[in-house]
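# A look at the structure
Now for the letters of each chain:
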Amino acid sequence: DFGGVVSFVVKGGQAAAWRVIDGTQMLSITANLGDTRTTITHPATTTHSRLSPEQRAEVGIEDGLVRVSVGLEAITDIQRDLCRGWAK
């Protein structure tokens, strides 16, 4: 009935995070959070890319962090799309 922002850390750092992101087909890759569609982003290389690695670590932005802004799609479709990246 509503959206929300979910963040999770993928083991394996930036390369693993991008495998998950690149593996999605339905989710829209963007740095913008807030849409009726579900969006996915990698904060270390988008919203927080101007910070040094040390500054990112201080605020909890790990290289494996992925942020998903949940839209109006069926949750099972979102879950299935995210699982594509883990399957690679």
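A brief structural summary. (Residues numbered from 1 in each chain as written. Predicted model: local features only at pLDDT ≥ 70, side-chain atom pairs only at ≥ 80, totals over all residues. Heavy atoms only, no water.)

## Quick word on the pattern of salt bridges
Side chains that differ in charge, positive against negative, can pair when their charged atoms come close. Tallying each qualifying case throughout the model produces 2 salt bridges. Put simply, Arg80 and Asp77 hold a salt bridge, and the shortest N to O gap is 2.9 Å. Of this pair, Arg80 and Asp77 both sit in helix α3 (residues 75-87), 3 residues apart, which is roughly one turn of that helix. The partly exposed category is assigned to Asp77, whose relative accessible area is 30%. Arg84 is the partner of Asp81 in a salt bridge, and the nearest nitrogen-oxygen pair spans 2.4 Å. On the criterion of helical spacing, the pair formed by Asp81 and Arg84 is a turn pair, its members being 3 residues apart in helix α3. (Salt bridge = Lys/Arg side-chain N within 4 Å of Asp/Glu carboxyl O. Helix = DSSP H or I, 4+ residues; strand = E, 2+ residues; numbered from the N terminus. Buried < 20%, exposed > 50% of the residue type's maximum accessible area, 1.4 Å probe, protein only.)

## Describing the sheet that holds strand β1 (residues 5-9)
If you trace the 4 strands from one edge of the open sheet to the other, you get β1-β4-β3-β2, paired in mixed fashion. Of all strands in the sheet, those bounded by a partner on one side alone are β1 and β2 (28-29). With 3 bridges connecting them, strand β3 (residues 39-41) and strand β4 (residues 65-69) associate as antiparallel partners. Note that in β4 the partner of Thr39 across the bridge is Ser69. (Pairing = 2+ DSSP bridges.)

## Side note on the nonpolar core
Core analysis: the biggest nonpolar cluster contains 13 residues, and Phe8, Val10, Leu27, Ile40, Val66, Val68 and Leu82 have the highest contact counts within it. Of all the secondary-structure elements, those providing two or more residues to this core are α1 (13-23), β4 and α3. The greatest single-element share of this core, amounting to 4 residues, is contributed by α1. Aside from chain neighbours lying at most four places away, what touches Phe8 is Gly64, Leu65, Val66, Val68, Leu82 and Trp86. (Core = buried A, V, L, I, M, F, W, Y, C linked by side-chain atoms within 4.5 Å. Contact = heavy atoms within 4.5 Å.)

## Quick notes on α3
Taking 1.5 Å of rise per residue, 13 residues should cover 18 Å, and α3 covers 19 Å from first to last C-alpha, within 8% of that figure. Of the residues making up α3, those classed as buried are Ile78, Asp81, Leu82 and Gly85. Take α3 and look down its axis: the buried residues cluster within an arc of 95°, on one side only. (Expected span 1.5 Å × (residues − 1). Arc of directions from axis to C-beta.)

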